[in-house]
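One-letter residues, chain by chain:
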Amino acid sequence: MRGFGGDEDPRAMELLRAVGRLRRELAAHPADLPDRAIAEDELGTLDAMARGGTPELPRLRRSLLLVAGAVGSVSALRPALGAVRAAIDDFADAGRSG
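Quick caveat: nothing in here was measured; it's all calculated off a predicted structure.

Caption draft 1: Structural view of the overall build of the protein chain. The secondary structure content of the protein chain amounts to 4 helices and 0 strands. For the protein chain, the α and β elements follow one another from N to C terminus as α-α-α-α. Within the protein chain, the proportion of its 98 residues that are buried is 37%. Looking at the protein chain alone, contacts between residues at least 24 apart form 64% of all its contacts between residues at least 6 apart. Of the roughly 5,600 Å² of accessible surface on the protein chain, 53% is carried by carbon and sulfur atoms.

Put into structure tokens, the structure is as follows:
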């Protein structure tokens, strides 16, 4: 969560919020999703990367792809998944501008 100079990175904070939301919604979803464990594992990975400092964009994208593949067809989870994607896109946007 910490950026350079010890300040909290707002991108990491947003990613944590988005991941937390998707985790809660996935946990509450009643359907038996065959790849639920994969999604849960990758959400845990995203959480850990956000807490560990500035994560690597390719690794963020890989985790997003795995989560999307596991839950992307569940329409009830799409808004929360979209929030995770937007939070990850913020890391890419910052790399292009800085």
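There's plenty left to go through after this.
Caption draft 2: Main features of helix α3 (residues 57-71). Taking 1.5 Å as the rise per residue, α3 with 15 residues should run 21 Å; its terminal C-alpha atoms sit 21 Å apart, in good agreement. All of the buried residues in α3 are Leu60, Ser63, Leu64, Val67, Ala70 and Val71. The buried residues of α3 occupy an angular sector of 130 degrees when the element is viewed end-on, so they sit on one face. Exposed side of α3, more than 90 degrees from the buried face: Pro58, Leu65 and Gly69 are the residues found there.

Caption draft 3: Broad picture of the nonpolar core. Core analysis: the biggest nonpolar cluster contains 26 residues, and Leu15, Leu22, Leu46, Val71 and Val84 have the highest contact counts within it. Elements that contribute at least two residues to this core include exactly α1 (10-28), α2 (36-51), α3 and α4 (78-97). The dominant element in this core, judged by the number of residues it contributes, is α1, at 7 residues.

Caption draft 4: Region of the structure containing the packing of α1 against α2. Taken N-terminus to C-terminus, the directions of α1 and α2 make an angle of 160 degrees; their axes are 9 Å apart at the nearest point. Taken as axis vectors, α1 and α2 run roughly antiparallel relative to one another. Considering only the axes of α1 and α2, their crossing is left-handed. Across the interface between the two elements, Ala12, Leu15, Leu16, Val19, Leu22, Arg23, Leu26 and Ala27 of α1 pack against Arg36, Ala39, Glu40, Leu43, Gly44, Leu46, Asp47, Ala50 and Arg51 of α2. The residue inventory of the contact of α1 with α2, partitioned by class, reads 11 nonpolar, 1 polar and 5 charged.

Caption draft 5: Local environment of the confidence of the model for the protein chain. Per-residue confidence for the protein chain gives a mean pLDDT of 89; residues scoring 70 or more make up 88%. Throughout residues 1-6 the model reports pLDDT below 50, and contacts reaching past four residues in sequence, or to other chains, amount to 18 contacts.

Caption draft 6: A look at the pattern of salt bridges. Under the counting rule described, the total for this entry stands at 7 salt bridges. The salt bridge involving Glu14 is made with Arg17; its shortest N-O contact spans 3.0 Å. Placement of the pair is Glu14 and Arg17 together in helix α1, with a separation of 3 residues, close to one helical turn. On the basis of relative accessibility, which here comes to 49%, the residue Arg17 falls in the partly exposed class. With a shortest N-O distance of 3.8 Å, Arg85 and Asp89 are connected by a salt bridge. One end of the pair, Arg85, and the other, Asp89, are both in helix α4, 4 residues apart, so they sit about a helical turn from each other. Judged by its relative accessible area of 52%, Arg85 is exposed. Since its relative accessible area comes to 29%, Asp89 is described here as partly exposed. One salt-bridge network, held together by shared partners, links Arg23, Asp47 and Arg51.

Definitions and limits used
Residues numbered from 1 in each chain as written. Predicted model: local features only at pLDDT ≥ 70, side-chain atom pairs only at ≥ 80, totals over all residues. Heavy atoms only, no water. Helix = DSSP H or I, 4+ residues; strand = E, 2+ residues; numbered from the N terminus. Buried < 20%, exposed > 50% of the residue type's maximum accessible area, 1.4 Å probe, protein only. Contact = heavy atoms within 4.5 Å. Areas by Shrake-Rupley, 256 points an atom, 1.4 Å probe, with all protein chains shown as cover. Expected span 1.5 Å × (residues − 1). Arc of directions from axis to C-beta. Core = buried A, V, L, I, M, F, W, Y, C linked by side-chain atoms within 4.5 Å. Axes fitted to C-alpha atoms, helices over the stretch in contact; angles between N-to-C directions. Parallel < 35°, antiparallel > 145°, perpendicular 65-115°, else oblique. Left-handed = near helix turned anticlockwise from the far one by under 90°. Nonpolar A, V, L, I, M, F, W, Y, C, P; charged D, E, K, R; others polar. pLDDT = per-residue confidence, 0-100. Salt bridge = Lys/Arg side-chain N within 4 Å of Asp/Glu carboxyl O.

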